[in-house]
Amino acid sequence: MKVTVKYLGNVAEQLKSEYEYIELPEATTYLQFLEVLNTLHPDLQGFVYKVAINQSIATEDVELKDDDEIAILPPYSGG
Amino acid sequence: MLTEEEKYRYSRHIKLNEVGEPGQQKLKHANVLVIGAGGLGCPVLQYLSAAGVGTIGIIDFDTIELSNLQRQILFTTEDIGKNKAKVAAKWLSGLNPNVDYIVYPERLTTKNALSLFNDFDIVVDGSDNFATRYLANDAAVITNTPLVYGAIYKFEGQVSVFNYQNGPTYRCLYPEPPSYGAMTSCSDIGVLGVLPGMIGTYQANETLKIILGIGEVLSGKLLLVKALNNDSQKLSVSKDQQEIDKVMSKADEFENIDYDALCNTTKSVGPEINASELKQMLGNQNMTIIDVRESFEEPRHKELNAKNVPLGVINSVDLELPLDEQIVVYCQHGIRSKTAIEILKKKGYQNLTNLTGGIVTWN
């Protein structure tokens, strides 16, 4: 299955990408997806961010579905 | 009671069914504290004043400088050098003399936060650093005060309302501040001037909705706005009771908490040298200098012969240096380089020195 992963803030800058499609095995869970992400982009290890799945901040390990939209949200401090 | 002047001044509010004179009275009796009279603070303050919020507290220790005027639109060129909170109150009282402005030309600290927050119904976070944001969150939780949050980064912004009617708090979203490595304290991150205007105005909107009790407040929701392509999304945020309980359990020690230390803004990672000491060391063959900035960051200073290894890859790149090599690490301001040093320490390098203040101090 394929998920869309959107990047924001300094994460998008680090990866030089605002979004990408990531292929995942059927029934991949959210935590498994994070492992895939860290393997694909080891640079992310230094970053703090929250993850949203389909417009909702992820709080538990859920099973992802085809076409899910995942957003990587680093905190902003500017004012 | 509204005076005749107020009825006319606020007639465009009063004509709205959702506001009317009762709503305008609610605004008149409201007390709002705005943290920061800068990029976010200016539009928040302007719109809350215009709306007739009865008492507005403004807390900001900072003085106005020329580079602020690109986005802090309450100020004029003649105000450069003066305190932001005082100048803001001066101009705002011209816009709306009916408002009672309380000026605090000082920092928000653990010593004043609790009593300040207790004095106001709503607090608006227009600060520009994590230490203040976490301090504000914790004070809001302890005093049970709603916190209208806005934060920006270059072209993107976030808006939410925390601690409102049993809703989530800032720590429910981001439990801990980014470690040293997140480069967020570098003051030369730019910003499009309109962005704090957009986000600050959203914050003013949330504040008015809370006071008036109308519409849908962004409690349990995070609004993300991207100025470059006008994308905006509302994400759901859930409450994390553990994070709230943690804050409450430390309430008695709140006044002694060092938020700067928690946000690692001043942490030491070992030996430091300054630019003139580094100059004297140049020509030492057994020394390697590493620049952890991005390749496009200026100035470059070829005379340093530095290896450019951006922070993002320093963990994965093989430096091909002996572990006891003397390494001096620098970045723009001396902050990211400390993170790089921590990473290199974990890789086994033993002789690491930071260029204090960064390459901007070199000439």
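Everything quoted here is computed from the prediction, not taken from an experiment.

## Some thoughts on the overall build of chain A
No. 1: Helix and strand counts for chain A come out as two helices and five strands.
No. 2: Listing the helices and strands of chain A from first to last along the sequence gives β-α-β-α-β-β-β.
No. 3: For a compact globule of 79 residues, the expected C-alpha radius of gyration is about 12 Å, and chain A comes in at 12 Å, within 12% of that figure.
No. 4: With respect to the three principal axes, the spread of C-alpha positions in chain A is 40 × 25 × 20 Å.
No. 5: A burial count over chain A gives 56% of its 79 residues as buried.
No. 6: Contacts in chain A between residues at least 24 apart in sequence constitute 50% of all its contacts with a sequence separation of at least 6.
No. 7: Surface accessibility of chain A: about 3800 Å² in total, with carbon and sulfur atoms responsible for 49%.
No. 8: Distance from the positive charge centre (5 side chains) to the negative charge centre (14 side chains) of chain A: 6 Å.

## Brief notes about the side chain of Gln-233 of chain B
No. 1: Counting through the fold element by element, Gln-233 of chain B comes out in strand β8 (residues 232-236).
No. 2: The exposure class of Gln-233 of chain B is buried, given its relative accessible area of 15%.
No. 3: A distance of 3.3 Å separates a polar atom in the side chain of Gln-233 of chain B from a polar atom in the side chain of Gln-55 of chain A.
No. 4: Beyond its immediate sequence surroundings of up to four residues, Gln-233 of chain B is in contact with Gln-55 and Glu-69 of chain A together with Leu-222, Leu-223 and Leu-224 of chain B.

## A few points about a negative patch on the surface
No. 1: A contiguous patch of negative charge on the surface is contributed by Glu-23, Glu-26, Glu-63, Asp-66 and Asp-67 of chain A.
No. 2: Among the structural elements, Glu-26 of chain A can be located in the loop between β2 (19-23) and α2 (30-40).

## Topic: the packing of aromatic side chains
No. 1: One pass over the full model with this rule turns up nine aromatic pairs over all chains.
No. 2: Relative to Tyr-153 of chain B, the ring of Tyr-76 of chain A has its centre 5.8 Å away and its plane inclined at 15°; by these criteria the two rings are stacked. One end of the pair, Tyr-76 of chain A, is in the segment after β5 (69-73); the other, Tyr-153 of chain B, is in strand β5 (residues 147-153), on a second chain.
No. 3: Look at Tyr-149 of chain B and Tyr-170 of chain B: their rings are 5.1 Å apart centre to centre, the planes differ by 35°, and that puts the pair in the tilted class. Remark: Tyr-170 of chain B occurs in helix α8 (residues 170-173) and Tyr-149 of chain B occurs in strand β5; sequence separation between them is 21 residues.
No. 4: Here the aromatic cluster, defined as three or more aromatic residues joined through ring pairs, consists of Phe-130, Tyr-134, Tyr-149, Phe-162, Tyr-170 and Tyr-174 of chain B.
No. 5: One cation-aromatic arrangement involves Lys-2 of chain A over Tyr-21 of chain A; the distance from NZ or CZ to the ring centre is 4.6 Å.
No. 6: Over the ring of Trp-91 of chain B we find Lys-90 of chain B, and its NZ or CZ is 4.4 Å from the ring centre.

## Quick look at the environment of Ile-59 of chain B
All names here are of chain B.
No. 1: Along the chain, Ile-59 turns up in strand β2 (residues 55-59).
No. 2: On the accessibility criterion, Ile-59 (4% relative accessible area) is buried.
No. 3: Along the chain, Ile-59 and Ala-89 lie 30 residues apart, while their C-alpha atoms are 10 Å from each other.

## Thoughts on the sheet that holds strand β11 (residues 307-308) of chain B
Residues and elements named next belong to chain B.
No. 1: Spatial strand order, β9-β13-β12-β10-β11: five strands in an open sheet with parallel pairing. Edge positions in the sheet fall to β9 (272-273) and β11, since each has one partner strand and no second.
No. 2: Note that strand β10 (residues 287-291) and strand β12 (residues 326-330) share five bridges and pair parallel. Within the sheet, the bridge partner assigned to Ile-289 lies in β12 and is Val-328.
No. 3: In the packing of helix α13 (residues 336-346) onto the sheet, the strands contacted are β9, β12 and β13 (351-355), and the crossing angle to β13 comes to about 175°.

## With respect to the side chain of Asn-137 of chain B
No. 1: The residue Asn-137 of chain B is located in helix α7 (residues 130-143) in this model.
No. 2: In this structure Asn-137 of chain B touches Leu-147, Thr-169, Tyr-170, Arg-171 and Val-247 of chain B, once residues within four positions along its chain are discounted.

## Considering the interface of chain A and chain B
No. 1: With 25 residues of chain A at the interface, the matching set in chain B holds 40 residues.
No. 2: For the pair chain A and chain B, the two sides together bury roughly 2600 Å², of which 51% comes from carbon and sulfur.
No. 3: When the buried surface of chain A facing chain B is broken down by residue, Tyr-76, Ser-77 and Gly-79 of chain A rank first, second and third, together holding 27% of it.
No. 4: For the interface between chain A and chain B, the tally reads two salt bridges.
No. 5: Across the salt bridge formed by Lys-226 of chain B and Glu-18 of chain A, the nearest N and O atoms sit 3.4 Å from each other.
No. 6: If you list the elements that add at least two residues to the side of chain A that touches chain B, you get α1 (9-15), β3 (50-53), β4 (56-57) and β5 of chain A.
No. 7: Here the element with the most residues in the side of chain A that touches chain B is α1 of chain A; it accounts for four residues.
No. 8: Here the side of chain A that touches chain B is built from residues that sort into nine nonpolar, ten polar and six charged.

## Looking at the packing of α7 of chain B against helix α10 (residues 241-249) of chain B
Packed helices, taken two at a time, are described by the angle their axes make and the gap between the axes.
Residues and elements named next belong to chain B.
No. 1: Between α7 and α10, the shortest axis-to-axis distance is 9 Å and the interhelical angle comes to 85°. When the interaxial angle is binned, α7 and α10 end up roughly perpendicular. Touching Asn-137, Asp-138, Val-141 and Ile-142 of α7 are Ile-244, Val-247 and Met-248, all from α10.
No. 2: Looking at the contact of α7 with α10 residue by residue, the classes come out as five nonpolar, one polar and one charged.

## Side note on the pairing of β2 of chain B
All names here are of chain B.
No. 1: Counting buried positions over the five residues of β2 gives five, a clear majority of the element.
No. 2: Along β2, one buried face is formed by Thr-55, Gly-57 and Ile-59 and the opposite face, lined by Ile-56 and Ile-58, is buried too.
No. 3: Inspection of the sheet shows strand β1 (residues 31-35) paired to β2 by five bridges, in the parallel sense. The residue bridging Val-34 from the neighbouring strand is Ile-58, located in β2.
No. 4: In this region the chain leaves β1, passes through helix α4 (residues 41-51) and returns to the parallel neighbour β2; the handedness of that crossover is right-handed.

Calculation criteria
Residues numbered from 1 in each chain as written. Chains lettered and ligands numbered in written order. Predicted model: local features only at pLDDT ≥ 70, side-chain atom pairs only at ≥ 80, totals over all residues. Heavy atoms only, no water. Helix = DSSP H or I, 4+ residues; strand = E, 2+ residues; numbered from the N terminus. Rg over C-alpha atoms; globule rule 2.2 N^0.38 Å. Buried < 20%, exposed > 50% of the residue type's maximum accessible area, 1.4 Å probe, protein only. Contact = heavy atoms within 4.5 Å. Areas by Shrake-Rupley, 256 points an atom, 1.4 Å probe, with all protein chains shown as cover. Lys, Arg positive; Asp, Glu negative; His and termini not counted. Charge placed at Lys NZ, Arg CZ, Asp CG, Glu CD. Polar contact = N/O pair within 3.5 Å; in protein donor to acceptor, adjacent residues only side chain to side chain. Patch = residues over 30% accessible without salt bridge, like charges linked within 9 Å, V, L, I, M, F, W, Y side chains within 5 Å. Salt bridge = Lys/Arg side-chain N within 4 Å of Asp/Glu carboxyl O. Phe/Tyr/Trp six-rings, centres within 6.5 Å; stacked < 30°, edge-to-face > 60°. Lys NZ or Arg CZ within 6 Å of the ring centre and 35° of its normal. Pairing = 2+ DSSP bridges. Axes fitted to C-alpha atoms, helices over the stretch in contact; angles between N-to-C directions. Buried area = accessible area lost by both parts, 1.4 Å probe. Nonpolar A, V, L, I, M, F, W, Y, C, P; charged D, E, K, R; others polar. Parallel < 35°, antiparallel > 145°, perpendicular 65-115°, else oblique. Right-handed = clockwise from strand over helix to strand, strands pointing away.

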